[in-house]
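# A closer look at the structure
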Amino acid sequence: MNIQTAVQKAQLFLKEKNIKTPVLDSQILMSEAIKKEKEFIILNFDKEISNKSLEHFNKLINQRAKGEPIAYLVKKKYFWKYQFTVNKDVLIPRPDTEVLIEEVLKLTKNKDSLNLLDVGVGSGCILISILKDKKNFYGTGIDISKKSLDICKINGENLGVISRLKLFKSDIDNFHFHKYDLIVTNPPYIEKSKLKYLERDVIGFEPKQALDGGIEGITEISKVIIRSSELIKKNGFLILEIGFNQKKKVKKILENKGFYIKKIIKDLSNNDRCIISMKIK
């Protein structure tokens, strides 16, 4: 069977299973199955593929048809300017989270050296992207998942920042090391009752502990703010990703803990996504 026939069959099958991007997904998974770039697939539709590669491709297509995200099937995801290793132990990096990177780089454009803390570091996509762009910054990442930290370490090594990266298995309540110039976090912020309404690609496969923000969605956010008030140097920054409807509640908690709200950033869908705050007390 040639590439074109296999890909076309896969596209129809994925479409029947209500996969939103059957054409792109089929091409990406064929690329993974035969270990070639996607451009090769498009330019070599008439090329025959081996039975082994076809079997692998069909297995990937069947997994995708059940909702398993492409990023987990190919074990990688591009974020900011870099490729990150991912698996089911970490959230898949999303374009909306790139606003955090943009804001950190704007805030620190005139800084030569800073100490950063990433709470709930996961794959390391936020912290490692910053360290890649700021060669004299040092970062610490904490996470309650040892498996997440293992993935973060792999990404730190692959992207050449491991010498400036420290990782600890800890929740924020029990973390007491150092004072930081800047803390960044994309914490769990989905309301517990809303988890079941997430797309099946998300709730069926991504780690629930990285999504579940408690009854009102701000349980983990509150913990981060409370501890950050002690971990951040005066005039240091706390940059939080939040849910689209959490701005007022989160602002109140921040102000009560001595933070000044410097800026609120909207995401690609024009929803409130990121709060930039400064420790002033």
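Our subject in this report is the structure included herewith. By convention here, each chain's residues receive numbers from 1 onward along its written sequence. Note on the predicted model: pLDDT of at least 70 is required for a residue's local features to be given, and 80 or more for side-chain atom pairs to be given and counted; whole-chain, interface and lining totals, by contrast, use all residues. No hydrogens and no water enter the side-chain calculation; it runs on all heavy atoms of the structure.

Secondary structure assignment for the protein yields 11 helices and 9 strands. With C-alpha atoms as the basis for the radius of gyration, the globule rule is written as 2.2 Å multiplied by the number of residues raised to the power 0.38. Its C-alpha atoms give the protein a radius of gyration of 21 Å, within 12% of the compact-globule value 19 Å for 281 residues. Dimensions of the protein, computed from the C-alpha atoms along their principal axes, are close to 70 × 40 × 30 Å. For the exposure calls, accessible area comes from a 1.4 Å probe over protein chains only, and a residue counts as buried if that area is under 20% of its type's maximum, exposed if over 50%, partly exposed in between. Burial status across the protein gives 52% buried among its 281 residues. Considering only contacts in the protein between residues 6 or more positions apart, those separated by 24 or more positions represent 65%. Surface accessibility in these figures is a Shrake-Rupley result with a 1.4 Å probe; residues are shielded only by whichever protein chains are displayed. About 14,500 Å² of surface is accessible on the protein, with carbon and sulfur atoms providing 50% of the total. Charge counting follows a simple rule: Lys and Arg are positive, Asp and Glu are negative, and His as well as the terminal groups are ignored. By convention, the point assigned to a charge is CZ for Arg, NZ for Lys, CD for Glu and CG for Asp. Of the side-chain charges in the protein, 52 are positive and 35 negative, and the distance between the mean point of each set is 3 Å. In DSSP terms, a helix is any run of H or I states spanning at least four residues, a strand is any run of E spanning at least two, and both are numbered starting from the N terminus. Note on contacts: a residue pair qualifies if any of its non-hydrogen atoms lie within 4.5 Å across the two residues.

What follows is about helix α10 (residues 219-231). Under the convention used throughout, the expected extent of a helix is 1.5 Å for every residue step, that is, one less than its residue count. Taking 1.5 Å per residue, 13 residues should reach 18 Å; α10 reaches 19 Å between its end C-alpha atoms and fits that length. Restricting attention to buried positions, one finds in α10 the residues I221, S222, V224, I225, R227, S228, S229 and L231. Buried residues belonging to α10 abut β3 (115-119), β6 (180-185), β7 (232-241), α11 (247-256), β8 (259-266) and β9 (272-279).

Before going further, it helps to examine the environment of K135. In this fold, K135 is placed in the loop between α7 (125-133) and β4 (138-143). Along the sequence, K135 and A65 sit 70 residues apart, while their C-alpha atoms lie 42 Å from each other. In protein, a polar contact means a hydrogen-donor-capable atom and an acceptor-capable atom, both N or O and within 3.5 Å, with residues adjacent in sequence counting only if both atoms are side-chain atoms; elsewhere, any N or O pair within 3.5 Å suffices. Within the structure, the side chain of K135 is placed 2.5 Å from the backbone oxygen of K132, a separation counted as a polar contact.

With that out of the way, let us pick up the environment of K147. Looking at where K147 falls in the secondary structure, it is placed in helix α8 (residues 146-158). Linking K147 and S123, residues 24 residues apart in sequence, is a C-alpha distance of 9.6 Å.

Turning our attention to the pattern of salt bridges. Salt bridges are counted wherever a side-chain nitrogen of Lys or Arg sits within 4 Å of a carboxyl oxygen of Asp or Glu. According to the stated counting rule, one finds 20 salt bridges in the structure shown. Put simply, R64 and D25 hold a salt bridge, and the shortest N to O gap is 2.8 Å. Residue R64 is found in helix α4 (residues 51-65), and its partner D25 is found in helix α2 (residues 22-34); the two are separated by 39 residues along the sequence. D25 carries the same exposure label as R64, and that label is buried. Residues K146 and D150 are paired through a salt bridge, measuring 2.9 Å at the closest nitrogen-oxygen approach. Here K146 and its partner D150 are both found in helix α8, 4 residues apart, which amounts to about one turn of the helix. Exposure remark for K146: the relative accessible area of 48% places this residue in the partly exposed category. Look at the salt bridges and you will find they share partners, linking D25, R64 and D201 into a network.

The next point concerns unusual backbone geometry. The residue K75 is not glycine, and still its phi comes out positive at about 65°. Along the chain, K75 falls in the loop between α5 (70-74) and β1 (76-79). Taking relative accessible area as the criterion, K75 reaches 52% and is therefore assigned exposed.

Time to look at the packing of helix α6 (residues 98-107) against α7. The description of two packed helices rests on the angle between their axes and on the distance between the axes. Here the axes come from fitting lines to C-alpha atoms, over the contacting stretch only for helices, and the angles between their N-to-C directions go from 0 to 180 degrees. One can describe the packing of α6 onto α7 by two numbers: an axis separation of 10 Å at closest approach and a directional angle of 35°. For the pair α6 and α7, the crossing hand works out as right-handed. Contacts from L100, I101, V104 and L105 in α6 reach C125, I126, S129, I130 and D133 in α7. Asp, Glu, Lys and Arg are counted as charged, while Ala, Val, Leu, Ile, Met, Phe, Trp, Tyr, Cys and Pro are counted as nonpolar; the rest, among them Gly, fall into the polar class. When grouped by side-chain class, the residues that make up the contact of α6 with α7 number 7 nonpolar, 1 polar and 1 charged. Two helices cross in a left-handed way if the nearer one is turned anticlockwise from the farther one by less than a right angle. They cross in a right-handed way if the turn is clockwise.

Structurally, the position occupied by K17 is in the loop between α1 (3-16) and α2. A sequence separation of 50 residues divides K17 from G67, and the C-alpha atoms of the two residues are 8.9 Å apart. Residue contacts for K17: discarding those within four places in its chain leaves A65 and R200.

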